[in-house]
Amino acid sequence: FAINFALKYGSGESIRQTVELSLLFAISVAAACVPQGLPAQVSVALSLGVGRLARKNAVVKKLSAVETLGSTTVICSDKTGTITKNEMTITHAWARGRIFEITGEGYDPEGAILENGKPFNLQTSESLKAFFEDGFLSSNGRVNPPDKEHAGWYAIGDPTEAAFTPFALKAGLDPAGLDRRFPVKAQLPFDSARKRMTVIRGHGEKTIAYMKGSLESVLAICTQINLKGEPEALSEETRRKIMEKGNEFAGQALRVIALAYRDFKETPPDFSVEATEKEFVFAGFVAMIDPPRIAVKEAVQNAYNAHIRVMMITGDNAVTAQAIARRIGLQAENGEITVFTGDEIKAMADQDLRQILMARSIIFSRVSPQDKFRLVTLLKRMGEVVAVTGDGVNDTLSLKRSDIGVAMGKMGSEVAKEASEIILLDDNFGTLTSAIREGRTVFNNLKKTILSTITSNNGELFCVLLGFVGMMFGLPAPITAVQILAIDLIGEMLPLTALTFDRAEAGLMDIPPRDLKQHIINRKSLASLLFYGFWMGTAGFFSFVMVHHFGGMSKEAGRAAAYMSIILCQFMNILSRRTERTLFTRYFFTNPQLWGSFLFSAIAVSILIYAPWINVWFGFAPVPLRFLWYPALGVLVFLFWHELKKMFFSAG
């Protein structure tokens, strides 16, 4: 306002007229500096990302989480249900010192029990029959036959517990009859500290506790073992042999679940953990498989290619976790992946644990919720952007603590879903890496939109500032406040919004995650914005001068030429900023919404300039065709600088 007033003062205009013109000029400068459509474009970009993720089975609860996803540097993933299918199938059993093979897949009870490759008749051994009952009686999960809503046999409850129903059916047992004969009196639910659960049942006048859990935790409270049909003392040598056999199965990526029981001579006054879980008789164990999901191996490799570290945090034992890791391609830089248990983590100082957490991949087994929370906290303090997957109440703290909490949609608890920002409807690790790809795409599209918008604002500003120079030579302003608003709202709003529809470029998941300290507007990009803004403003001022001053046309026609020139430069700016490579690639035609928006905006601009009774309201006059080559020349020079910069420097 002050500069314009000083230039106009004493030119023969009244003070009032000079103030009015200077005020309008100041408003046009302010309008040039404000990206009016940017808030809407950011919201559209994030909303589109949410929509695309929803179609890929990832529900986003918080818009900003979409952009944060693309910055992920570490994934802390649970194993069961995320990396694996969470469809447990018992394949082997160890009881009375004998090994049995169980055929069949999934929850379908079709299958048989084999010993040494031959069918085993369970009816000939009451002692072994009791073992096959133990797993069912220590579980709450059940399997139901197909119905109208389910094409096949399906589980109700925890998949590990549900696996004992087809196990009992294959042994010729009647699960419903067992529930009637052994009614539940009390339960001690599973928790991550004990790593076992106990169901207390009645049987006539007797009270029996049935236990299942990890092999280590169950063996720890057993004092006897049933090897010959009657309980006998459990020696340390026998414990060692049982652990060796269990580890042998775990090394084949099988999950080992131990079974034990206790006959109460007298019913305890209360069924507390302390009063109940002691002096058990070890019955045996089963080995079950939870196979990795088909797409997980590729997803892990995609994460590695994207320079994202992957850590498996599981309650399973180390051998099973390591076997699954090998099957999905999870490995350290130097080959074999290292495993640390929850007990080892607790014994480590934070500084030592930080060194371990710098590995590309690592496995933490038998961890507690507190251990997981500590790991996530340390990773964040190290400057990592952490995505954590979880499905249970125990995962809530870690989900909240992480940058991106990812809950499981199928098997996840409501508490876990509430604590998370993203819910995977298919509980699939592959969906998480796809979501990270989408997050990177959204951020890149936001970056393109923001830089394109501010370039245009700078172009408008430089055109106005060059007008100062023209005023010294008696030229009118090359563009007005209303026309600047018309550039933002009519000429470029739709193309900038359509830019958010851009697909990911090839190689997007082969680059490292962005540095959170590196903002979109930084020293490098600011120089680029000023450079291209200058040439855009120069193109507009050049067209105005050539049409109005040298072409002898009215100032309204000159302003229409400047308006047209800035918008065409913005079209080229948008197209060029879509890719850091040359503009002329196959990627040029991958956004049909953008080309449709260009067409619509070009028609709208033509109407503003050439339609009578409309152009007068915007201060325009038609530009004769012979003068259109001036805006075209300005656009070509602008595009030349864009492409030349890409040849010698990375795009800003």
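Computed from a predicted model, the values in this text were never measured in an experiment. (Residues numbered from 1 in each chain as written. Predicted model: local features only at pLDDT ≥ 70, side-chain atom pairs only at ≥ 80, totals over all residues. Heavy atoms only, no water.)

Peer 1: What's the story with the overall build of the chain in this structure? I'm lost.
Peer 2: Broken down by element type, the chain carries 25 helices and 21 strands. Counting only C-alpha atoms, the chain reaches 115 × 55 × 45 Å along its principal axes. Expressed as a percentage of its 652 residues, the buried residues of the chain come to 55%. Partitioning the contacts of the chain with sequence separation of at least 6, the portion at a separation of at least 24 is 70%. Of the roughly 28,600 Å² of accessible surface on the chain, a fraction of 60% belongs to carbon and sulfur atoms. Once the 69 positive and 64 negative side-chain charges of the chain are each reduced to a mean point, those two points are 6 Å apart. (Helix = DSSP H or I, 4+ residues; strand = E, 2+ residues; numbered from the N terminus. Buried < 20%, exposed > 50% of the residue type's maximum accessible area, 1.4 Å probe, protein only. Contact = heavy atoms within 4.5 Å. Areas by Shrake-Rupley, 256 points an atom, 1.4 Å probe, with all protein chains shown as cover. Lys, Arg positive; Asp, Glu negative; His and termini not counted. Charge placed at Lys NZ, Arg CZ, Asp CG, Glu CD.)

Peer 1: What is the right way to read the side chain of threonine 377 from this model?
Peer 2: Within the secondary structure, threonine 377 sits in helix α16 (residues 369-381). Polar side-chain contacts of threonine 377 include one of 2.8 Å to the backbone oxygen of phenylalanine 373. (Polar contact = N/O pair within 3.5 Å; in protein donor to acceptor, adjacent residues only side chain to side chain.)

Peer 1: Any chance you could explain a nonpolar patch on the surface here in plain terms?
Peer 2: Judged by side-chain polarity, Phe1, Tyr9, Ile15, Val19, Leu21, Leu23, Leu24 and Ile27 come together as a nonpolar surface patch covering roughly 740 Å² of accessible area. Secondary-structure assignment places leucine 21 in helix α2 (residues 15-33). (Patch = residues over 30% accessible without salt bridge, like charges linked within 9 Å, V, L, I, M, F, W, Y side chains within 5 Å. Salt bridge = Lys/Arg side-chain N within 4 Å of Asp/Glu carboxyl O.)

Peer 1: What am I meant to see in the sheet that holds strand β16 (residues 309-313) here?
Peer 2: Working definition: the strands of a sheet are paired by backbone hydrogen bonds and lie parallel or antiparallel to each other. Ordered by their spatial adjacency, 8 strands build an open sheet running β1-β21-β20-β19-β2-β16-β18-β17, and the pairing between neighbours is mixed. Two strands close off the open sheet at either side, each with one partner strand: β1 (58-60) and β17 (339-341). Adjacent strand axes in the sheet meet at a mean angle of 20° when their direction is disregarded. Where β17 and strand β18 (residues 361-365) come together, 3 bridges link them in parallel fashion. Paired with phenylalanine 340 across the two strands is phenylalanine 364, which belongs to β18. Contacts from helix α19 (residues 429-472) reach β1, β2 (74-77), β16, β19 (386-390), β20 (404-408) and β21 (422-424), with the element oriented near 160° to β2. (Pairing = 2+ DSSP bridges. Axes fitted to C-alpha atoms, helices over the stretch in contact; angles between N-to-C directions.)

Peer 1: I keep staring at the packing of α19 against helix α20 (residues 481-491) and nothing clicks. Help me out?
Peer 2: Two quantities define a packed helix pair, namely the angle between the axes and the distance from one axis to the other. Running from amino to carboxyl end, α19 crosses α20 at an angle of 165°, the nearest separation of the two axes being 11 Å. In this view, α19 runs roughly antiparallel relative to α20, as classed from their interaxial angle. Of the two possible hands of crossing, α19 and α20 adopt the one that is right-handed. Every residue of α20 that contacts α19 at Ser456, Asn457, Glu460 and Val464 is listed here: Ile484, Ile487 and Asp488. Its residues assigned to classes, the contact of α19 with α20 comprises 3 nonpolar, 2 polar and 2 charged. (Parallel < 35°, antiparallel > 145°, perpendicular 65-115°, else oblique. Left-handed = near helix turned anticlockwise from the far one by under 90°. Nonpolar A, V, L, I, M, F, W, Y, C, P; charged D, E, K, R; others polar.)

Peer 1: What am I meant to see in α16 here?
Peer 2: Each α-helix winds once per 3.6 residues, and so residues spaced three or four apart point in a common direction. The first and last C-alpha atoms of α16 sit 18 Å apart over 13 residues, in line with the 18 Å expected at 1.5 Å per residue. Those residues of α16 lying buried are Pro369, Asp371, Lys372, Leu375, Val376, Thr377, Leu378 and Leu379. Glycine 383 sits one or two residues past α16 and shows a positive phi near 90°. (Expected span 1.5 Å × (residues − 1).)

Peer 1: So what exactly am I meant to see when it comes to the packing of aromatic side chains here?
Peer 2: The geometry of an aromatic ring pair is captured by two quantities: the separation of the ring centres and the angle between the planes. Going through the model one piece at a time under the given rule, you end up with 29 aromatic pairs. Between the aromatic rings of phenylalanine 100 and phenylalanine 132, the centroid separation amounts to 6.1 Å while the plane-to-plane angle is 70°, which identifies the pairing as edge-to-face. With phenylalanine 100 in strand β4 (residues 98-102) and phenylalanine 132 in helix α5 (residues 126-137), this pair connects stretches of sequence that are 32 residues apart. Consider the rings of tyrosine 563 and phenylalanine 620, whose centres lie 4.8 Å apart with planes at 50°: the pair is tilted. Of this pair, tyrosine 563 sits in helix α23 (residues 555-577) while phenylalanine 620 sits in the loop between α24 (592-610) and α25 (629-648), placing them 57 residues apart in sequence. Exposure remark for phenylalanine 620: the relative accessible area of 4% places this residue in the buried category. Members of the aromatic cluster, joined through ring pairs, are Phe462, Phe531, Tyr532, Phe534, Trp535, Phe638, Phe640 and Trp641. One Lys or Arg, arginine 360, reaches over the ring of tyrosine 304 and ends 3.8 Å from the middle of that ring. (Phe/Tyr/Trp six-rings, centres within 6.5 Å; stacked < 30°, edge-to-face > 60°. Lys NZ or Arg CZ within 6 Å of the ring centre and 35° of its normal.)

Peer 1: What am I meant to see in the layout of surface pockets here?
Peer 2: Roughly 1,200 Å³ of internal volume is contained in the largest pocket. Surrounding the largest pocket, 39 residues form its lining, Asp158, Phe190, Arg255, Asp391 and Asn394 being those nearest its centre. The set of elements that each furnish at least two residues to the lining of the largest pocket consists of α6 (159-162), β11 (206-213), β14 (254-264) and α16. Classifying every residue of the lining of the largest pocket gives 11 nonpolar, 16 polar and 12 charged. Approximately 950 Å³ is the volume found for the second largest pocket. For the lining of the second largest pocket, the residue count by class is 10 nonpolar, 15 polar and 14 charged. (1 Å grid on protein atoms, 1.4 Å probe; cavity = no way out; pocket = protein on both sides within 12 Å on 5 of 7 lines; lining within 4 Å. Points joined across faces, edges and corners; volume = space filled by probe spheres on them.)

Peer 1: Just to check I follow, could you spell out the pattern of salt bridges for this structure?
Peer 2: Close approach of charged atoms allows side chains of opposite charge to pair. One pass over the structure, following the stated rule, counts 28 salt bridges. One salt bridge in this structure joins glutamate 384 and arginine 309, with 2.6 Å as the shortest N-O distance. Residue glutamate 384 is found in the loop between α16 and β19, and its partner arginine 309 is found in strand β16; the two are separated by 75 residues along the sequence. Just as glutamate 384 is buried, arginine 309 falls in that class too.

Peer 1: For this particular structure, what's the right way to read the nonpolar core?
Peer 2: One broad rule of soluble globular proteins: the nonpolar side chains tend to lie buried together. Counting residues in each nonpolar core, the largest one holds 48 residues, and the members touching the most others are Ile479, Tyr563, Leu575 and Ile609. Secondary structure elements with two or more residues in this core: α2, α19, α20, α21 (493-498), α22 (523-550), α23, α24 and α25. (Core = buried A, V, L, I, M, F, W, Y, C linked by side-chain atoms within 4.5 Å.)

Peer 1: I tried to follow unusual backbone geometry on my own but got confused; where do I start?
Peer 2: Leaving glycine out, the prevailing phi sign among residues is negative, and the prevailing peptide bond configuration is trans. In the Ramachandran plot, histidine 307 falls in the positive-phi region, its phi being about 65° despite a non-glycine side chain. Relative to the helices and strands, histidine 307 resides in the loop between α12 (296-305) and β16. Take histidine 307: its relative accessible area is 45%, and that puts it in the partly exposed class.

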